[in-house]
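The primary structure of each chain is shown beneath.
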Number of protein chains: 2
Amino acid sequence: MSLTIKLRIAPTISHFDLNRKTQKNPVVLRTPIYHSNELSTSLLFRTKKMAASHVIKSSLIEPDGGVLIDLVVPENQRELKASQAEGMEKVQLTKIDLEWVHVISEGWASPLKGFMREDEYLQSLHFNSLRMKNDDGYGSIVNMSLPIVLAIDDATKEKIGCATDVALVGPDQKIIAILRSIEIYKHNKEERIARTWGTIAPGLPYVEEVITPSGNWLIGGDLEVLSPIKYNDGLDNYRLSPKQLRKEFDRRQADAVFAFQLRNPVHNGHALLMNDTRRRLLDMGYKNPILLLHPLGGYTKADDVPLDVRMEQHSKVLEDGVLDPETTIVSIFPSPMHYAGPTEVQWHAKARINAGANFYIVGRDPAGMGHPTEKRDLYDPDHGKKVLSMAPGLEKLNILPFRVAAYDTVAKQMAFFDPSRAKDFLFISGTKMRTFARTGESPPNGFMCPGGWDVLVKYYASLQTEEAKATVSA
Amino acid sequence: MSLTIKLRIAPTISHFDLNRKTQKNPVVLRTPIYHSNELSTSLLFRTKKMAASHVIKSSLIEPDGGVLIDLVVPENQRELKASQAEGMEKVQLTKIDLEWVHVISEGWASPLKGFMREDEYLQSLHFNSLRMKNDDGYGSIVNMSLPIVLAIDDATKEKIGCATDVALVGPDQKIIAILRSIEIYKHNKEERIARTWGTIAPGLPYVEEVITPSGNWLIGGDLEVLSPIKYNDGLDNYRLSPKQLRKEFDRRQADAVFAFQLRNPVHNGHALLMNDTRRRLLDMGYKNPILLLHPLGGYTKADDVPLDVRMEQHSKVLEDGVLDPETTIVSIFPSPMHYAGPTEVQWHAKARINAGANFYIVGRDPAGMGHPTEKRDLYDPDHGKKVLSMAPGLEKLNILPFRVAAYDTVAKQMAFFDPSRAKDFLFISGTKMRTFARTGESPPNGFMCPGGWDVLVKYYASLQTEEAKATVSA
């Protein structure tokens, strides 16, 4: 979710209205999408696993492919595998490659069992989905919108030669994993970028920092990770795997889990939306809907607020009572960020299916950013939710599109934007919020809880101190 | 199919081997594609409608969506519709827009009923497919890899205002069609180009000639075409609609139809492949396989051989007995050419489903071309057949990938390339062939039938005469 909210409001998006359906078995049919464009009236509730009875399910939604992938080698085999890996050709991982190993190993990308081979890569690039195999070779479709690939350079390819298995070496030079039955194929960066981002304009953060410096080959294969990935940054406790999250939802006897993806501090507009969602789920007859507040923890661009600061800010939001700790789980989603808009939002939603969430909240311009070379949003702000609602493989997920929230200068609080009194609303973009925090200026009362705001002010103050030091020492 | 054949042979592609299956009900299972890359061994025969019995079906393959779309207004309503159209706001079509009206009106793009609205456009761009609606809003998937859209400029959008229907005006200023229940949405050219071609490099023919000069808006809606589209170029007789083709296949009692898409002259390598396909279909037990030799008739780039010359060349190939007129139908496929490789080959195959072909031949680098700014093919020459074999919505089509043919200098004829004696083979690229024809030099004996070759030589001679005239008069 981007904080970049501007005054242009899409006419087609209305706040999702769960009140319209309060019967015991609320199965709301999806609006036909063929030759129709009535997303505004579609509620997109697709699952029939609703809260009619009080039976608590051990799993509210099946992982993609039916089985949650877990690629961490069992403890009793680790020594053996580690010694096998020692004898293999080594492939050096970057910090971001390691984040992807983490993501794949815990099953966020289920049914993916390793870095993509070419067949998977091509399906992902062209169809944003993978076809599973079944007995006759024709299986169901799972969503897979981002290529999850490992690049190697010419020298590494040469070194690997005809080997079928390789060892993956982390940034600390320790062996992290084995990649088996490998396949090496060409890394056409231009095509990958164009099909993933819909542009090849210079200045896309993931492209510049990850893809451009990477090698001209991709290596796919089946992953075996020698031990769980840890970062030792004091936040590992928040890094619950999909398996752990599913267990926690069961422990709390959740009968609905709604996920909120974010990479920014939580303001009261976000909170309004999350609380409103919960209220409406209760109205529908759910007894115990749980919010998965799920900040992205992998690579983000330089001017985003760093993970540790965001985590502190999120905890203040819970302390200040803006969100209810009893019905909220804060956990870190370990994926790196692509800033690839409608393509990436599918990944964000799909990964949460695997983590056990059966409702997904989507707002304006998800995973979007400004165009790197033109004065406009890179993506149409409505395309994310439209594409998400039509994406192959996401049919079982309940997608909750919502209206944009803004600061209501009359009520002096964040509220859903009401076009009939547009002049009463103030839109505070991410850039504006950061400027406030940097200059020490306060945002309007009610924009963010004071404890959360303090975290941001302190972060930007520390940045300025560091910059000042750097200037003095230069 | 491109004539650009070079010495780099992909190791994974083997000539399809129908001999392996000669039982009466030859249902060959598709190789699982999930976490596997064994396209080399996959035969990709997917239909069960095989030639077990001698019952001739009125249709060998169902059109996409179950019903062949026909948007030409019945004669008894034309006057009424024409007078309605007179009162509507007018939208001016280019020559290529008109080709798309033709394509849509005859059902090549079934189930598409008009130019795409935004939901269809987004699905096409992101998923290369459309989801059909059924009673609960979840229908089957049809392939739709190219956005089939109509662009308008700001002034036209302004003029249309709140109208729900518009009249489409041909290049000759006559009203051609009505577009009903219109939807106007933004034409983000950069994103459209990047997602369709996998590059935004300058020099893509369709982009430069069609997209770049077009307006900033797209207009979708339901099409009603006031009378069948005709070009009056002496070739309209060859422009059989999908309905006419299906009727012709029935009349000939075809029990298999294999389509060959091309935009180049037919050389003996192509002929070898088509004849080989027929022989193998007979070996499988089919009694009357019919070849649909289906040259593309819409927009092509300036240095391609023009349609009328190609049609003359094709007729010589039949006259000279290289292909058998008894079992071949030559017809024109009215689509414009995108040169979008793996994205476009899906369109080429999908349109032939609608025309009643249940087998589709795919070769090296289909719909490909050289990269406009780099010294390489724009697409990996193997990606076209790989993407095609995995494309959503094409499961019912039997896809026949084939090995490249080259000139065998020992046998003195075109033959399937044999890597074990690579030095005996001569690869004659399209550029080389055109150079031969332009300079009056003969290609090796057996490259193309003499009658067909003469057509090309005459065409290039006439070009040179025109160029000379132009130089003199300049």
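Up top you'll find the structure we're talking about.
Reading guide: rules and limits
Residues numbered from 1 in each chain as written. Chains lettered and ligands numbered in written order. Predicted model: local features only at pLDDT ≥ 70, side-chain atom pairs only at ≥ 80, totals over all residues. Heavy atoms only, no water. Buried < 20%, exposed > 50% of the residue type's maximum accessible area, 1.4 Å probe, protein only. Helix = DSSP H or I, 4+ residues; strand = E, 2+ residues; numbered from the N terminus. Pairing = 2+ DSSP bridges. Right-handed = clockwise from strand over helix to strand, strands pointing away. Contact = heavy atoms within 4.5 Å. Polar contact = N/O pair within 3.5 Å; in protein donor to acceptor, adjacent residues only side chain to side chain. Axes fitted to C-alpha atoms, helices over the stretch in contact; angles between N-to-C directions. Parallel < 35°, antiparallel > 145°, perpendicular 65-115°, else oblique. Nonpolar A, V, L, I, M, F, W, Y, C, P; charged D, E, K, R; others polar.

1. Considering the pairing of strand β11 (residues 359–362) of chain A
Each regular strand displays side chains that alternate between the two surfaces of the sheet.
Residue and element names in this part refer to chain A.
Then comes step 1: Going residue by residue along β11, you find Phe359 and Ile361 tucked away on one face and Tyr360 and Val362 tucked away on the opposite face as well.
Then comes step 2: Note: strand β8 (residues 256–262) against β11, two bridges, orientation parallel. Bridge pairing in β11 links Phe258 to Phe359.
Then comes step 3: For β11 and strand β12 (residues 398–401), the ladder comprises four bridges, and the chain directions are parallel. If you follow Tyr360 over to β12, its bridge partner there is Ile399.
Then comes step 4: With respect to chirality, the unit in which β11 leads through helix α11 (residues 383–390) into the neighbouring parallel β12 is right-handed.

2. Looking at helix α5 (residues 189–197) of chain B
Then comes step 1: For α5 of chain B, the tally of buried residues reaches nine of nine residues, placing the bulk of the element in the interior.
Then comes step 2: Of the positions making up α5 of chain B, those classed as buried are Lys189, Glu190, Glu191, Arg192, Ile193, Ala194, Arg195, Thr196 and Trp197 of chain B.
Then comes step 3: Considering only its buried residues, α5 of chain B is in contact with α5 (189–197), α10 (341–354) and α11 of chain A together with α3 (118–127), α6 (205–211) and α10 (341–354) of chain B.
Then comes step 4: One side-chain oxygen of the residue at the start of α5 of chain B lies 3.3 Å from the amide nitrogen of Glu190 of chain B, identifying that residue as Asn188 of chain B.

3. Some words on the packing of α11 of chain A against α3 of chain B
Then comes step 1: Running from amino to carboxyl end, α11 of chain A crosses α3 of chain B at an angle of 75°, the nearest separation of the two axes being 10 Å. Of the possible angle classes, the one that applies to α11 of chain A and α3 of chain B is roughly perpendicular. Touching His383, Lys386, Val387 and Met390 of chain A of α11 of chain A are Glu118, Asp119, Leu122, Gln123, His126 and Phe127 of chain B, all from α3 of chain B.
Then comes step 2: Tallied by class, residues from the contact of α11 of chain A with α3 of chain B come to four nonpolar, three polar and three charged.

4. A few points about the sheet that holds strand β5 (residues 166–169) of chain B
Residue and element names in this part refer to chain B.
Then comes step 1: Across the sheet, five strands lie side by side as β1-β5-β6-β7-β4; this open sheet has mixed pairing. Sheet topology places β1 (89–92) and β4 (151–152) at the edges, where each strand pairs with a single neighbour.
Then comes step 2: Sheet topology note: the β5/strand β6 (residues 175–186) ladder contains four bridges and is antiparallel. Looking at the pairing, Ala167 lines up with Ile178 of β6.
Then comes step 3: Docked against the sheet, helix α1 (residues 75–86) engages β1, β5, β6 and β7 (217–225), running at close to 50° with respect to β6.
Then comes step 4: Here helix α2 (residues 95–105) sits on the sheet and contacts β1, β5, β6 and β7; the angle it forms with β7, its principal contact strand, is near 50°.

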